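A structural walkthrough
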Amino acid sequence: MELIRISALSDNYIWLLRDNAHTCIIVDPGVSAPVVAALQKHGLTPAAILLTHHHADHTGGVADLLSRYPDLPVYGPEETQDKGANHCVKDNDIITCGEFVFQVIAVPGHTLGHVAYYCAPYLFCGDTLFSGGCGRIFEGTAAQMYRSVTRLASLPDETLVCCAHEYTQSNIAFARAIWPENNIIQAYQTHIAKLRQNNDATVPVTLETERKINVFLNCDDLDLQHNLSAGKHTMTPEQTFAAIRVKKDKF
């Protein structure tokens, strides 16, 4: 398999996962033009589209792609039916498409129906988990989002986080602000700054790395908890997650 990353809109990533032949899976096509260009460049034929949630920057290109490939299956949660999904998926479904086998993982929080797709080692997680961060909570609750990111974090170390936005630099800046004594995050911020100076992408990234630098995956750390609590009281990991998300929304 080969992963192809397509930059789109202001900071989106659309993902193509190609097999050993000339077919591929398209993940979250917010626009169609760069997808069509990539298909032509690599000589690929799409076998399916996977949608993580209903937001337009993840689904806006579906209609045009279907006009070009009218028999293309489009998998997505129920909330994406009016965005072009013709195969509804739910938690723990298995999607088999040629050489590809994906596990569907329900990750409510950003939206209530949000799902991720896991085909080892690739995790297509939309706007749930970002490198160094997590998505805003628009429809769900902090408790739901905490459970969702925790579930994704339980996947193997070598899992490659293929998120849908280039947000790493701002996420790491926030992490430094609330956990300035963390030397690993400090060093990673320098690494990310060099990548972005060259306009290089920061994802995909392994879950092993994310567990070290993503504050939302370290909510059980007492030092981080104390940084968030004026009275230095110990919080539960879920309370810590909620407190971090509120601070990130205002950062």
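Residues numbered from 1 in each chain as written. Predicted model: local features only at pLDDT ≥ 70, side-chain atom pairs only at ≥ 80, totals over all residues. Heavy atoms only, no water.

**Considerations on the UniProt feature "binding site: Zn(2+) 1" (unreviewed entry) in the chain**
For clarity, the threshold we go by: UniProt positions are given in the numbering used here, feature names are shortened, and annotations may be inferred rather than shown by experiment. Space inside and on the surface of the protein is sampled on a 1 Å grid over the protein atoms alone, with a cavity defined as a set of points where a 1.4 Å probe fits but cannot get out and a pocket as an open set with protein on both sides within 12 Å along at least 5 of 7 lines; lining residues have an atom within 4 Å of a point. By the criteria applied, helices consist of DSSP H or I runs no shorter than four residues and strands consist of E runs no shorter than two, each listed in order from the N terminus. The contact definition used throughout considers only heavy atoms, calling two residues in contact when any of these lie within 4.5 Å. Polar contacts here mean pairs of N or O atoms no more than 3.5 Å apart (in protein, one a potential hydrogen donor and the other a potential acceptor; neighbouring residues in sequence count only if both atoms are side-chain atoms).
Here, the residues flagged by UniProt with the feature "binding site: Zn(2+) 1" (unreviewed entry) are His53, His55, His110 and Asp127. On the basis of their most widely separated C-alpha atoms, the annotated residues across 75 residues gather in one place, lying no more than 10.0 Å apart. Lining residues of the largest pocket drawn from the annotated set just named are His55, His110 and Asp127. Along the chain, His55 falls in the loop between strand E4 (45-50) and helix H2 (56-59). Beyond its immediate stretch of four places on either side in the chain, His55 contacts His110, Thr111, Phe138 and Glu139. At 3.3 Å, the side chain of His55 forms a polar contact with the side chain of His53. With respect to the helices, strands and loops of the structure, His110 is situated in the loop between strand E8 (100-106) and strand E9 (115-119).

**What about the domain arrangement of the chain?**
Let me state the cut-off plainly: Those domain boundaries reflect an automatic or database domain assignment. Defined in terms of a 1.4 Å probe, buried area is the accessible area two parts forfeit on being brought together, summed over both. In the sections that follow, a salt bridge refers to a side-chain nitrogen of Lys or Arg positioned within 4 Å of a carboxyl oxygen of Asp or Glu.
Partitioning the chain into structural domains gives domain 1 (1-87) and domain 2 (169-249). Using C-alpha coordinates to define each centre, domain 1 is positioned 31 Å away from domain 2. Facing four residues of domain 1, the contacting portion of domain 2 comprises four residues. Counting the surface lost from both domain 1 and domain 2, the interface buries some 300 Å², and carbon and sulfur atoms represent 69% of this. Along the contact surface separating domain 1 from domain 2 lie zero salt bridges.

**Things to note about helix H9 (residues 237-250)**
Residues lying three or four places apart along an α-helix face the same way, a consequence of the helix completing one turn every 3.6 residues. The condition is simple: Helix span is expected to be 1.5 Å times the residue number reduced by one.
The end-to-end C-alpha distance of H9, which contains 14 residues, comes to 20 Å, matching closely the 20 Å that a straight helix rising 1.5 Å per residue would cover. The secondary structure elements touched by the buried residues of H9 are strand E12 (133-134), helix H4 (142-153), helix H5 (168-178) and helix H8 (222-228).

**Quick look at the side chain of Asp127**
As for its placement among the helices and strands, Asp127 is situated in the loop between strand E10 (122-126) and strand E11 (129-130). What Asp127 contacts, discounting residues up to four positions off in sequence, is His53, His58, His110, His114, Gly135, Met145, Ala164 and His165.

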